[in-house]
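Summary of the model geometry
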Amino acid sequence: MHDRRGKKSDLPASEPALRVIMRRLREIMAEPGEGQQRLDRIVKQIAGVMVAEVCSIYLIRRDGSLELYASEGLKKEAVHATRLNRNEGLVGRCAEQAQPINEPDAQAHPSFSYRPETGEEAYHSMLAVPVMRSGQVIGVLDVQNHTRREYAEEDVEVLQATAMVVAELLSSGVVAGSQAEIELSRTYSAVINGQALSDGIALGHAVLHEPRIVVTTLLSEDPAAEMTRLDGALHRLRASIDEMLAHERLSFAGEHRDVLEAYRMFAHDRGWHHRLRGAVQDGLTAEAAVERVQNSTRARMLRQIDPFWSERVRDLDDLSDRLLRILAGRANQHGHRENLPDDTILIARTVGPAELLDYDRTKLRGLIVEDGSAQSHVAIVAKALGIAAVGQAHRIVEHVADGDAVIVDAETGEIHLRPTSDVIAAFQDKVRFRAKRQERFQGLRGLPGVTSEGHRVALLLNAGMLVDLPHLEESGAEGIGLFRTELQFMLSDRLPRLARQTEAYRAVLEQAKGYPVVFRTLDIGGDKMLPYLNRLPEENPALGWRALRMSLDRPALFRTQVRALFRSHAGRALSLMVPMLTVASEMDEVRALIDKEIEHSERHGHPIPTSISLGAMLEVPSLLFDLDNVLKKTDFLSIGSNDLMQFLFAADRTSAQVSRRYSPLDKAPLRALRSVFDAGARHRVPITVCGEMAGRPLEAMALVALGCRSLSMAASNIGPVKAMVRSLPADKLKQCLNAWIDEPDCDIAEKLKAFAQEHEVEL
Ligand code: PEP
Ligand code: MG
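A brief look at the structure comes next. The written sequence of each chain sets the order in which its residues are numbered from 1. Chain letters and ligand numbers both follow the written order, the letters beginning at A and the numbers at 1. Given that the model is predicted, a residue must reach a pLDDT of at least 70 before its local features are reported, and side-chain atom pairs must reach 80 or more before they are shown or counted; all residues, however, enter totals for whole chains, interfaces and linings. Note that the side-chain values use all heavy atoms of the structure and ignore hydrogens as well as water.

Some points on the site of ligand 1
- Any residue with at least one heavy atom within 4 Å of a molecule or strand is counted as near it. Near ligand 1, the surroundings consist of 16 residues, among which Arg-484, Arg-520, Glu-619, Asn-642 and Arg-653 are the closest.
- Definition of a polar contact: a pair of N or O atoms within 3.5 Å, with one able to donate and the other able to accept a hydrogen when the atoms are protein atoms, and with sequence-neighbouring residues admitted only if both atoms are side-chain atoms. Interatomic distance of 2.8 Å between a side-chain N/O atom of Arg-520 and an oxygen atom of ligand 1.
- One of the backbone N or O atoms of Asn-642 is found 2.8 Å from an oxygen atom in ligand 1.
- Its free accessible area being 290 Å², ligand 1 has 100% of it covered by the protein chains.
- Helix and strand labels come from DSSP, where a helix needs a run of H or I of at least four residues and a strand needs a run of E of at least two; each type is numbered from the N terminus. When residues of the shell around ligand 1 are traced back to their parent elements, those giving at least two are helix 13 (377-385), strand 16 (480-484) and helix 23 (641-648).
- For the shell around ligand 1, the element with the most residues is helix 23, which contributes 3 residues. Accessibility throughout is a Shrake-Rupley quantity obtained with a 1.4 Å probe, and a residue counts as covered only by protein chains that appear here.

Some details on the side chain of Arg-238
- The topology assignment puts Arg-238 in helix 6 (residues 223-247).
- Exposure is judged per residue with a 1.4 Å probe applied to protein chains only, and the accessible area is read against the type maximum: over 50% gives exposed, under 20% gives buried, and values in between give partly exposed. The charge count includes Lys and Arg as positive and Asp and Glu as negative, but it does not include His or the ends of the chains. Throughout this description, the term salt bridge denotes a Lys or Arg side-chain nitrogen within 4 Å of a carboxyl oxygen of Asp or Glu. Although buried, Arg-238 forms no salt bridge, and the nearest oppositely charged side chain, Asp-242, lies 7.4 Å from it.
- Engagement of the side chain of Arg-238 in a polar contact is seen with the side chain of His-273, the distance being 3.3 Å.
- Note on contacts: a residue pair is in contact if any heavy atoms of the two residues lie within 4.5 Å. The contacts of Arg-238, once residues within four sequence positions are left out, are Ala-267, His-268 and His-273.

Quick notes on the packing of aromatic side chains
- Classification of ring pairs uses Phe, Tyr and Trp, with its six-membered ring standing for Trp, and accepts pairs whose centres are within 6.5 Å; under 30 degrees between planes counts as stacked, over 60 as edge-to-face, and the remaining range as tilted. Taken as a whole and judged by the stated rule, the model has 3 aromatic pairs.
- For the ring pair Phe-483 and Phe-519, a centre distance of 5.4 Å and an interplane angle of 55 degrees mean the geometry is tilted. Here Phe-519 lies in strand 17 (residues 517-520) and Phe-483 lies in strand 16, a separation of 36 residues in the sequence.
- Residue Phe-483 is classed as buried on the basis of its relative accessible area, which comes to 5%.
- Among the aromatic side chains, those forming a connected cluster through ring pairs are Phe-483, Tyr-505 and Phe-519.

Considering the state of the cysteines
- We call a pair of cysteine sulfur atoms a disulfide whenever their separation is within 2.5 Å. What the rule picks out here adds up to 0 disulfides.
- Among the cysteines around Cys-55, which has no disulfide bond, Cys-94 carries the closest sulfur, lying 13 Å off.
- There is no disulfide at Cys-708, and the cysteine sulfur nearest it, in Cys-690, is 10 Å away.
- The class of Cys-708 is buried, set by a relative accessible area of 0%.

Things to note about the coordination of the magnesium ion (ligand 2)
- Here a donor is any nitrogen, oxygen or sulfur atom (N, O, S) within 2.8 Å of the metal, with 3.2 Å used for Na, K and Ca; water is not among the atoms considered, so some sites may look incomplete. Protein-derived ligands of the magnesium ion (ligand 2) are Glu-619 (OE) and Asp-643 (OD), with the metal-ligand distances lying across 1.9 to 2.1 Å. Of this pair, Glu-619 sits in the loop between strand 19 (611-618) and helix 22 (627-633) while Asp-643 sits in helix 23, and the two are 24 residues apart along the sequence. In terms of burial, Glu-619 and Asp-643 fall into one category: buried.

Notes on the nonpolar core
- Judged by nonpolar contacts, the single largest core of 114 residues is most densely connected at Leu-356, Leu-367, Phe-519, Leu-673, Met-701 and Leu-711.
- Of the residues forming this core, the biggest block, 7 residues, is contributed by helix 26 (residues 697-705).
- With residues near it in sequence (within four places) discarded, Leu-356 still touches Leu-346, Val-351, Leu-364, Leu-367, Val-378, Val-381, Ala-382, Leu-385 and Ile-387.
- In this structure, Val-43, Val-49, Ile-213 and Val-215 belong to the second largest nonpolar core, which totals 70 residues. As used in this record, nonpolar core signifies buried Ala, Val, Leu, Ile, Met, Phe, Trp, Tyr and Cys residues forming a set joined through side-chain atoms within 4.5 Å.

As for the pairing of strand 16
- Buried residues dominate strand 16, accounting for 5 of its 5 residues.
- In this sheet, strand 16 lies alongside strand 15 (residues 458-463) in parallel orientation, the contact comprising 3 bridges. Its bridge partner lying in strand 16, Asn-462 is registered against Leu-482.
- Running through helix 16 (residues 470-475), the crossover from strand 15 to the neighbouring parallel element strand 16 is right-handed. Should DSSP find at least two bridges between two strands, the strands are taken to pair. Note on handedness: a clockwise path from strand one over the helix to strand two, with the strands aimed away from the viewer, defines a right-handed crossover.

Quick look at the side chain of Ser-56
- Within the element layout of this structure, Ser-56 appears in strand 1 (residues 54-60).
- A distance of 3.0 Å separates the side chain of Ser-56 from the side chain of Ser-71, its partner in a polar contact.
- Those residues within four positions of Ser-56 in sequence are excluded, and the remaining contacts are Val-43, Leu-68, Ala-70, Ser-71, Leu-74, Val-140, Leu-141 and Asp-142.

Quick notes on unusual backbone geometry
- The residue Val-51 is not glycine, and still its phi comes out positive at about 55 degrees.
- Note that Val-51 resides in the loop between helix 2 (35-49) and strand 1.
- Although it is not a glycine, Glu-760 adopts a positive phi angle of roughly 55 degrees.
- Look at Glu-760 and you get exposed, because its relative accessible area is 68%.

Here's the deal with the pattern of salt bridges
- For the structure on display, the rule yields 38 salt bridges.
- Note that Arg-148 is salt-bridged to Asp-105, the shortest N-O span being 3.0 Å. Of this pair, Arg-148 sits in the loop between strand 6 (136-145) and helix 4 (153-172) while Asp-105 sits in the loop between strand 4 (101-103) and strand 5 (125-133), placing them 43 residues apart in sequence.
- Judged by relative accessible area, Arg-148 falls into the exposed class, the value being 54%.
- For Asp-282, the salt bridge is made with Arg-292, and the minimal N-O distance between the two is 3.0 Å. Within this pair, whereas Asp-282 is found in the loop between helix 9 (270-281) and helix 10 (286-302), its partner Arg-292 is found in helix 10, the two being separated by 10 residues in sequence.

A word on the environment of Arg-325
- By secondary structure assignment, the location of Arg-325 is in helix 11 (residues 307-327).
- Owing to a relative accessible area of 5%, Arg-325 belongs among the buried residues under this scheme.
- Sequence-wise, Arg-325 and Pro-130 are 195 residues apart; in three dimensions their C-alpha atoms are separated by 23 Å.

Re the pairing of strand 13 (residues 405-409)
- Taken across its 5 residues, strand 13 has 4 buried, putting it largely inside the fold.
- Here strand 9 (residues 201-208) pairs with strand 13 via 5 bridges, running antiparallel. Within strand 13, the position partnered with Leu-203 by the bridge is Ile-407.
- As defined by bridge partners, strand 13 adjoins strand 14 (residues 414-417) across 4 bridges and the pair is classed as antiparallel. Among the inter-strand pairings, Ile-407 is bridged to a residue of strand 14, identified as His-416.
- Hairpin connection from strand 13 to strand 14: 4 residues lie between these consecutive antiparallel strands, with Gly-413 at a positive phi of about 85 degrees.

Pasting the structure below:
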C-alpha cells in the first residue's frame, strides 16, 4: 500500500491509524526492554503508521531546553546531543505555544533552526504536537516527510492522541530514565504579572478552584463499558448546564450568560458527541477521549480567523474539564474541599464573592484570578478576609498544577510560580519588611487622623463579616463607616429569617464594643447574586434590579431587615444607609417604610433604637445634579466611589480592561466630588467616602484636600492613610488642586505625587 506521500504505509487497510498505534504501543509496553529501547520502538512504530520518514520525541529538561530523546529517521548521533532552547526552531515554538505546528515547508519557515548533526535538511514537511501532562508541556512529538505538504486534520488528531499516550508512558515511569526529567520539567519557575486586587504578600501552595482531572488510564479494555460511562456523563453535563441556565444561578459560577450559552452550544453539539464516541471506539477510555477531542477541537478553533472561535476555546476547555470531573465523580466539588493546605493560594479563571466565602478562610492565604479588578466584589471580599489577591493573571490556570508553590505579591501584582529558593528568601525578607512597616503603623494606632494644619479626618473601617470586627481595634479605626449586610445573605443558602438577622447584627454591635457602626441595607444585584432569590435575567445587571430598587419593590424583604436592625439596636442609636439611591424621592419612600416599621414596633411593644440617622450612598451620578434636594432628605451621605466611578465613566468596575483606563483622579470625577463636599458643607450634612479610593493614600490625599473629613476603608489601609493624613498640609494642597482641576490638560496624579514629595507627605 502506498499513500499520497509516496511512502509505503504499514497500516492495515481497514484499521484506523490511531487504533493501530494504540495497539502497537500496548504491545511495546508488554515486551521486555530498557527505557531507551522502548522509546526507539515507539518512534519507529509511530513513523510507520503515520507514513513518515522521521518521528522524534523531544523532552523538556530542567534548564528549559528541549533534548532530542529518541528519533526514527534523524541521525542516531543527534539523539541526546541535540538541544534546542525553548522557543527555538519549530519544535521549540510548538512547546512554547503548546499548539501543533503543521508546516509543509519547514525549512522555509522563519523559525526553522538548522542543526546539521541531525541530517534534517533532507525533510521538508513537519508536523509537531506538544506532549502534555496535567496541562503542562513536557515535550514535543513530531513527524517529518521529504515531500512538501500540509498534513491533514486527521493526521494532527492522530499525532495529538499519540502524544497523550506517550506522555502517559513517559510519566508513568515505564520508559525508564525519562521520568526524572519529566518530574523536573514541572518544576520550572515562572513569573506572571497581574493586577493587585488587595494588599499583602502570601507564600503558599496552589489549589485550583476547578480542579483539573489528570487522566491516568488512557487505553480501555472494555470499549462498550466506556461508551456507557461517556454517554451517562454527557447526559449529566447537559442536564447541569440546562439547569444552570434555567435557574440563572450565574453568581455561583461567576459565569456570564454568554458563557453558559456557549457551554450549552458545545454540550448539545452532535459533532462533539460523535468525535467523543469515535475516540472511545478507537480504544481510549472515556476520559482520554475527552482529552483527545479537547486537544484537537482546540487546535482547530485556534486556527479560525474569526475571533469568536478563539474566544470560545476557553469555554470548550471549561466544558471538557467539567465533563472530566463528572467522569471522575468530582463534579461540584470546589469550596468545601477537604485537605486544603494550610497556606492555600486559590487559583481560578473566575470566582464569585459567594464562592470565595465557601472556602475555609483559616486556610486561605491568597487568591489569583484571570479576571477581576480592584473594585470588584470578589476583591472586596478578599480584602475583608485579609488575603493577598491578584487579578488579570493571564491564563494562569493553564500554568499551575494543584500543590505548586506560589507567591502572590498583592503590592505589585506579581505572581511567582514554583519559585526558586532565592526568590522565596527574597519574599520572606519582603514579608519581614512589611511587618516592620505595619509595626510603624501600629505606632500610629492611638493617634488621631489630623492633618498637619489641624483638620480632623475620621478614619473608619469597611466591614461585612464578623471576622472583620477584631480589625477595628487592631487598626485603630474610629468605627465602621460601611457594614455591607449582604455578605450574610450571600453566605446563607436561603433568605436569613428575622431572628438570624437580628442575631447577626447584635453580634456585630457587641464585637464593635461601642464604636459606631453604619449599617447599609441589602445591596444585592450586579455581581452579588443570591441563588435563592428569583429574578428575571437582565442584559445589564449592574444597571438593573439591584440594591435599593429591589428593596423598594420587595418592601417585606426591606422591612424584615429594618426590623432586625431595630431589634438589635434596642437602647442604642442606629445609623442606617441605603445603597444606590437614584432620585431624591426614593428617600421619601425609604422614610415611609421606616415610619411604618416604627409604628409596627411600637404597636407590638418591641423596642426601637434611641435615634435613627438615615443616610444614602451616592453612587449614581443623577444625584450630583440634585444635591441640595438630596441633602435635605438625608442625615448623612456616603460616597460609594466604586459604583460612582463605574457609572460616571460608563466603565464596568469588574472589568480591569476598561476600569484601568480611567482614574478617579481625573478632572471630571474630582470636580464632581468637590461639588458634593461643598454642598455637604453648605447643608452641614456629614459626608464619608467609602469606596476603594478612600483607602488609597494618593487618592485619599485628593479627597481630604477637596474637603472630605471622613474616609472608610479596608483595615490594612488605615495605617498608610493615617500616615498620609498626619503629614498632609491639606489647605495648601486644596489651593493647588483647585487650580489643577481647572487647567485644561493637567496630569493630576503626577502633580499630587510631586506635591507629596515636596511637602514630605507620607505616601
Ligand atoms: C461602592 O460602590 O463604592 C461601595 C462602597 O459599595 P460596594 O463596593 O459594596 O458596591
Ligand atoms: Mg456600591
